[in-house]
Amino acid sequence: MMSVMGSYAKNYEGAVKTTQEMNGTIVEYIGGIEVIKAFNQGKLSYAKFADRVKANASYYYNWMKKSQFGVSMGYSIVPASLVTILPAGWLWYRNGSLPVETFIMVIILSLGIAGPLIAAMNFVDTLATVGTTVASVDELLSAEEQHHGDKEVRIKGKDIELSHVSFGYHEDKNILRDVSLSIPQGE
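So, here is what we can say about the structure in this document.

Calculation notes
Residues numbered from 1 in each chain as written. Predicted model: local features only at pLDDT ≥ 70, side-chain atom pairs only at ≥ 80, totals over all residues. Heavy atoms only, no water. Core = buried A, V, L, I, M, F, W, Y, C linked by side-chain atoms within 4.5 Å. Buried < 20%, exposed > 50% of the residue type's maximum accessible area, 1.4 Å probe, protein only. Helix = DSSP H or I, 4+ residues; strand = E, 2+ residues; numbered from the N terminus. Contact = heavy atoms within 4.5 Å. Phe/Tyr/Trp six-rings, centres within 6.5 Å; stacked < 30°, edge-to-face > 60°. Patch = residues over 30% accessible without salt bridge, like charges linked within 9 Å, V, L, I, M, F, W, Y side chains within 5 Å. Areas by Shrake-Rupley, 256 points an atom, 1.4 Å probe, with all protein chains shown as cover. Salt bridge = Lys/Arg side-chain N within 4 Å of Asp/Glu carboxyl O. Expected span 1.5 Å × (residues − 1).

Structural notes on the nonpolar core
Here is step 1: Listed in full, the five residues of the largest apolar core are Tyr8, Tyr12, Ala15, Trp63 and Ala128.
Here is step 2: Residue contributions to this core peak at three residues, all from helix H2 (residues 8-31).
Here is step 3: Excluding its chain neighbours within four sequence positions, the residues that come into contact with alanine 128 are Tyr8, Ala9 and Tyr12.

Structure (structure tokens):
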């Protein structure tokens, strides 16, 4: 289980990231369905949507495939503690190096250890969830604030004019590119 859980936090963080990307694409697709239809972009937008969903499914599939053997072995071996305790304890008892009361106590304790060990293994999931969530919140809290102009802007008239405007939520992904627009007041 240690070999599987050693990379769990990193894998969980990747799962959260790929799920967030998929969710963002789904929201973008559903929110923009009217625009997609109006500009006949259905095929392209659906392909992006489908690719994100497939990428998310693929990530989870590969992660689970990679860790399945170790997890299965861990869940098989932990409850089977008597398989090793009974033969080894019997040998030590027969050789006189283990008193009968200690042998019986070890047998009783071994029957009750599987539950807490499995709970501890499952706790790793909770720790990864907390770690990833804290990292996401920390990223938001430590992000640089959006720059706002220092000068006061006076509005002259009520015309709307955009001149070579570009905008995006991320520097490398513009949503608007070099948009120029003039709307006179009252139009």
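Considering the packing of aromatic side chains
Here is step 1: Considering all chains together, one arrives at 10 aromatic pairs under this definition.
Here is step 2: Relative to tryptophan 63, the ring of tyrosine 60 has its centre 6.2 Å away and its plane inclined at 40°; by these criteria the two rings are tilted. Pair noted here: tyrosine 60 and tryptophan 63 are both in helix H4 (residues 42-77), with a separation of three residues, about one helical turn.
Here is step 3: Residue classification places tyrosine 60 among the partly exposed residues on the basis of a relative accessible area of 33%.
Here is step 4: Judged by relative accessible area, tryptophan 63 falls into the buried class, the value being 6%.

Some points on a nonpolar patch on the surface
Here is step 1: Residues Trp90, Tyr93, Val100, Ile104 and Ile108 make up a contiguous nonpolar surface patch of roughly 470 Å² in combined accessible area.
Here is step 2: Put simply, the parts of the chain that give the nonpolar patch at least two residues each are helix H5 (82-94) and helix H6 (100-141).
Here is step 3: It is H6 that provides the largest number of residues to the nonpolar patch, a total of three residues.
Here is step 4: Positionally, tryptophan 90 belongs in helix H5.

Brief notes about the environment of valine 165
Here is step 1: Within the secondary structure, valine 165 sits in strand S1 (residues 160-170).
Here is step 2: For valine 165, a relative accessible area of 28% puts it in the partly exposed group.
Here is step 3: For the pair valine 165 and leucine 176, spaced 11 residues apart in sequence, the C-alpha to C-alpha distance is 7.1 Å.
Here is step 4: The contact partners of valine 165, leaving out residues within four places of it in the chain, are Leu176, Arg177, Asp178 and Val179.

Here's the deal with the side chain of asparagine 56
Here is step 1: Relative to the elements of secondary structure, asparagine 56 occurs in helix H4.
Here is step 2: Leave out the neighbours within four places in its chain, and asparagine 56 touches Ala15, Thr18, Thr19 and Met22.

Quick look at the environment of proline 184
Here is step 1: Within the fold, proline 184 resides in the segment after strand S2 (173-183).
Here is step 2: In this structure proline 184 comes out as partly exposed when scored by relative accessible area, which is 43%.

Looking at the pattern of salt bridges
Here is step 1: Using the criterion set out here, one finds two salt bridges in the structure.
Here is step 2: Across the salt bridge formed by glutamate 21 and arginine 52, the nearest N and O atoms sit 3.2 Å from each other. Here glutamate 21, found in helix H2, pairs with arginine 52, found in helix H4; they are 31 residues apart in sequence, far enough to count as distant.
Here is step 3: Exposure remark for glutamate 21: the relative accessible area of 31% places this residue in the partly exposed category.
Here is step 4: For arginine 52, a relative accessible area of 28% gives the class partly exposed.
Here is step 5: In this structure, the salt-bridge partner of lysine 48 is glutamate 28, at a minimum N-O distance of 3.1 Å. Of the two residues, lysine 48 is situated in helix H4 and glutamate 28 in helix H2; the sequence distance between them amounts to 20 residues.

Focus: H2
Here is step 1: With 24 residues, H2 extends 34 Å from end C-alpha to end C-alpha; this agrees with the ideal 34 Å at 1.5 Å per step.
Here is step 2: Along H2, the residues classified as buried are Tyr8, Asn11, Tyr12, Gly14, Ala15, Thr18, Met22, Thr25 and Tyr29.
Here is step 3: Where H2 is buried, its residues meet helix H1 (2-5), helix H3 (33-38), H4 and H6.

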